[in-house]
Protein chains: 2
Amino acid sequence: MARKKKILLVEDDEMLTANLAEKLRADGYNVDAALDGETGWEKARSDSYDLIVLDIMLPGLDGISLCRFIRNLPEAAYVPIIMLTARGTEHDRIQGLETGADDYIVKPFSLGEFLSRVRAQMRRPSPNRSLNRDELASGDLRLDLTARRVFKRDSEVKLTNKEFTLLAVFMRNKQAVLSRDFLIANVWGEDYLIGESDKRTVDVHIRWLREKIEDNPSRPKRISTVRGVGYRFEG
Amino acid sequence: MARKKKILLVEDDEMLTANLAEKLRADGYNVDAALDGETGWEKARSDSYDLIVLDIMLPGLDGISLCRFIRNLPEAAYVPIIMLTARGTEHDRIQGLETGADDYIVKPFSLGEFLSRVRAQMRRPSPNRSLNRDELASGDLRLDLTARRVFKRDSEVKLTNKEFTLLAVFMRNKQAVLSRDFLIANVWGEDYLIGESDKRTVDVHIRWLREKIEDNPSRPKRISTVRGVGYRFEG
DNA sequence: TAGGTTTTTCCCAATTCCTTAAACTTGATT
DNA sequence: AATCAAGTTTAAGGAATTGGGAAAAACCTA
């Protein structure tokens, strides 16, 4: 039989938490609760959930920041998140959804409504399971080719288009020395006509990339240069 | 029919090992399991695998060290390695990822996810397979054309671009006496114009090369001089 | 279209590498 | 052993390559 789905509830109103938890358990879910933001963060990062319910107003770490943190965890980036808030103002709402919540419930709400939203999220064929995701990983770098996102250690690194493709080419050719010509052909395209002088643009992109993925950009460990030949991505 | 791909599984949780092995076998792989680091090491060095799955936390020899050892085996240096790590143990995790694993999976994970990551590694036709790597070896010298690296008795020797191509030319023409003209044509390029007198530059490069690859540079054993003709690389 | 981001170009400084020249060593030949 | 041709070694200048700053150009997006 299928494993029970696990839900994390982060809400500071104990009464409400108890009610919601009870309702969810009655519906067959496995529920974990946290009464403040920090505890919620601890749980979110150390266990894996199928859904996270976050109150926006929380003591300590607020729901919006927490949501953002969670979205930056490579392993939890795609967990569905439902936000709860007392205020239904346009502003909060937009902010909430922009940080990547999947749904938004305005207090007060009925248990019935709550449950049906939860079920909706569970039904949704979320991109959560990395089953069909096309990924490349190496060391503590992981890159999701489907979503074009890159994670270093535990947090997301924002790369531009060229940087991303460049990195992908490197990761598909670990350990190999790649010439500028090869990189241009594979990142810019075979047909990219280029004068000898413009190969320097490769160097510049390498620099931007190093800036973002190296721990110490001036002493690059991941992408090393092979003088006179090109660059090499170390495993 | 193609040979079954062989996977080595090093994980101390017997239950988990059994599950993973079963799943992998059902998917057509040949699975070998080890319940501790030492056994894993024995197997890794005495047999050849297409993929190795390592838990980080292991009794005795831990996964991180094991991974490092494997990466130092010349014949297994490029086997894809997937690490299994427990969530939350920030420190171990980061360390592990730097030793050159090709992917990592955070526990708890689903069997489906596990399998898809295994398949991803197997699918990869990258230079990770030692089979596809372009290598030249002779005695205790090994030179990896793809990565442009040279190893002398398992430790890397840093060569400059010219030195590297020079050595490659020698190793492709073992035992043959190569004239300076031949070397210039093959290392510097056919079109390299040079005054008769300046063939000395070849000698100078030979000298740097000897400095780096000979045990005793003043009594060269690998590259010997054939007076009046050129140089010869001894097997 | 304005404003921000991404991509490309350009230039200079730092560095590494290559060449050249010259002194020195070795080996062959007589 | 003396001589000469060929090879070796060292050091110094010069060439080539890369890194970093900055800004123009192209590209988006609101």
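Look up a bit, the structure's there.
A quick note: this is a predicted structure, and the numbers were derived from the prediction, not measured.

**Q** Even after reading the chapter, I still don't get the overall build of chain A, so can you show me in this structure?
**A** Broken down by element type, chain A carries eight helices and 12 strands. Within chain A, contacts between residues at least 6 apart in sequence are counted, and of these 56% link residues at least 24 apart. Surface summary for chain A: the accessible area is close to 11,300 Å², and the carbon and sulfur share equals 49%.

**Q** I keep staring at the pattern of salt bridges and nothing clicks. Help me out?
**A** Pairs can form between side chains of opposite charge once their charged atoms are near each other. Across all of its chains, the model carries 47 salt bridges over all chains by this definition. Here Glu113(A) makes a salt bridge to Arg117(A), at a shortest N to O gap of 2.9 Å. Of this pair, Glu113(A) and Arg117(A) are both found in helix 5 (residues 111-123), four residues apart, which corresponds to roughly one turn of the helix. For Asp47(B), the salt bridge is made with Lys6(B), and the minimal N-O distance between the two is 2.6 Å. Of this pair, Asp47(B) sits in the loop between helix 2 (37-46) and strand 3 (51-55) while Lys6(B) sits in strand 1 (residues 6-10), and the two are 41 residues apart along the sequence. On the accessibility criterion, Asp47(B) (31% relative accessible area) is partly exposed. Owing to a relative accessible area of 19%, Lys6(B) belongs among the buried residues under this scheme. One salt-bridge network, held together by shared partners, links Glu135(A), Arg142(A), Asp103(B), Glu113(B) and Arg117(B).

**Q** Help me understand the environment of Asp181(B) in this model?
**A** Residue and element names in this part refer to chain B. Topologically, Asp181 is positioned in helix 7 (residues 180-188). By relative accessible area, which is 47% here, Asp181 ends up partly exposed. Residues Asp181 and Lys199, 18 residues apart in the sequence, show an inter-C-alpha distance of 8.0 Å. Only 2.9 Å separates the side chain of Asp181 from the side chain of Lys199, close enough to count as a polar contact.

**Q** Honestly, the packing of helix 6 (residues 161-172) of chain A against helix 7 (residues 180-188) of chain A in this entry has me stumped. Any pointers?
**A** Residues and elements named next belong to chain A. The N-to-C vectors of helix 6 and helix 7 enclose an angle of 120 degrees; their axes lie 9 Å apart at closest approach. The angle between helix 6 and helix 7 falls in the class oblique. The handedness of the crossing between helix 6 and helix 7 is right-handed. Where helix 6 abuts helix 7, its residues Lys162, Thr165, Leu166, Val169 and Phe170 lie against Phe182, Leu183, Asn186, Val187 and Trp188. Its residues placed into classes, the contact of helix 6 with helix 7 shows seven nonpolar, two polar and one charged.

**Q** Help me out: how do you make sense of the protein's contact with DNA strand D in this one?
**A** The full set close to DNA strand D counts 19 residues, and Arg207(A), Thr225(A), Arg207(B), Thr225(B) and Tyr231(B) are the nearest of them. A share of 54% of the atoms of DNA strand D within 4 Å of the protein falls on sugar and phosphate groups. Within the side chain of Arg200(B), one N or O atom sits 3.0 Å away from a base nitrogen of DNA strand D. Within the side chain of Arg227(B), an N or O atom sits 3.1 Å from a base nitrogen of DNA strand D. Every element with two or more residues in the surface near DNA strand D is listed here: helix 8 (200-213) of chain A together with helix 8 (200-213) of chain B.

**Q** Can you walk me through the protein's contact with DNA strand C in this structure?
**A** Among the 20 residues in the neighbourhood of DNA strand C, the closest are listed as Thr160(A), Thr160(B), Lys162(B), Trp188(B) and Tyr192(B). By atom count, sugar and phosphate contribute 78% of the portion of DNA strand C lying within 4 Å of the protein. Between DNA strand C and Thr160(B) there is a distance of 2.9 Å, counted from a phosphate oxygen to a side-chain nitrogen or oxygen. At 3.3 Å, a side-chain N or O of Thr201(B) approaches a phosphate oxygen of DNA strand C.

**Q** What should I look at first to understand the environment of Asn173(A) in this one?
**A** Residue and element names in this part refer to chain A. The residue Asn173 is located in the loop between helix 6 and strand 10 (177-179) in this model. For Asn173, a relative accessible area of 18% gives the class buried. Residues Asn173 and Glu234, spaced 61 residues apart in sequence, show a C-alpha to C-alpha distance of 9.4 Å.

**Q** Explanation requested: helix 5 (residues 111-123) of chain B in the structure shown.
**A** An α-helix turns once per 3.6 residues; consequently, residues spaced three or four apart project the same way. Between its first and last C-alpha, helix 5 of chain B extends 18 Å over 13 residues, near the 18 Å set by a 1.5 Å rise per residue. Inspection of helix 5 of chain B places Glu113(B), Phe114(B), Leu115(B), Ser116(B), Arg117(B), Val118(B), Gln121(B) and Met122(B) among the buried residues, and these make up the whole buried set.

**Q** Is there a simple way to think about the side chain of Ser138(A) in this case?
**A** Here Ser138(A) shows up in strand 6 (residues 135-138). The buried category is assigned to Ser138(A), whose relative accessible area is 3%. Setting aside residues up to four positions removed in sequence, Ser138(A) forms contacts with Met171(A), Lys174(A), Phe233(A), Gly235(A), Ala101(B) and Asp102(B).

**Q** Looking at this model, I keep getting lost on the interface of chain A and chain B. Mind explaining?
**A** How big an interface is tends to be reported as the loss of accessible area on association of its parts. Listed by partner, the interface residues are 31 residues for chain A and 29 residues for chain B. The partner of Asp103(B) in a salt bridge is Arg142(A), and the shortest N-O contact between them spans 2.6 Å. The interface formed by chain A and chain B contains eight residue pairs in polar contact (both at pLDDT 80 or more). Mapped by element, the contributors of at least two residues to the side of chain A that touches chain B are helix 2 (37-46) and strand 6 of chain A. For the side of chain A that touches chain B, the per-class residue count stands at eight nonpolar, nine polar and 14 charged.

About the thresholds
- Residues numbered from 1 in each chain as written.
- Chains lettered and ligands numbered in written order.
- Predicted model: local features only at pLDDT ≥ 70, side-chain atom pairs only at ≥ 80, totals over all residues.
- Heavy atoms only, no water.
- Helix = DSSP H or I, 4+ residues; strand = E, 2+ residues; numbered from the N terminus.
- Contact = heavy atoms within 4.5 Å.
- Areas by Shrake-Rupley, 256 points an atom, 1.4 Å probe, with all protein chains shown as cover.
- Salt bridge = Lys/Arg side-chain N within 4 Å of Asp/Glu carboxyl O.
- Buried < 20%, exposed > 50% of the residue type's maximum accessible area, 1.4 Å probe, protein only.
- Polar contact = N/O pair within 3.5 Å; in protein donor to acceptor, adjacent residues only side chain to side chain.
- Axes fitted to C-alpha atoms, helices over the stretch in contact; angles between N-to-C directions.
- Parallel < 35°, antiparallel > 145°, perpendicular 65-115°, else oblique.
- Left-handed = near helix turned anticlockwise from the far one by under 90°.
- Nonpolar A, V, L, I, M, F, W, Y, C, P; charged D, E, K, R; others polar.
- Near = heavy atom within 4 Å.
- Expected span 1.5 Å × (residues − 1).

Coordinates in, geometry out; function isn't part of it.
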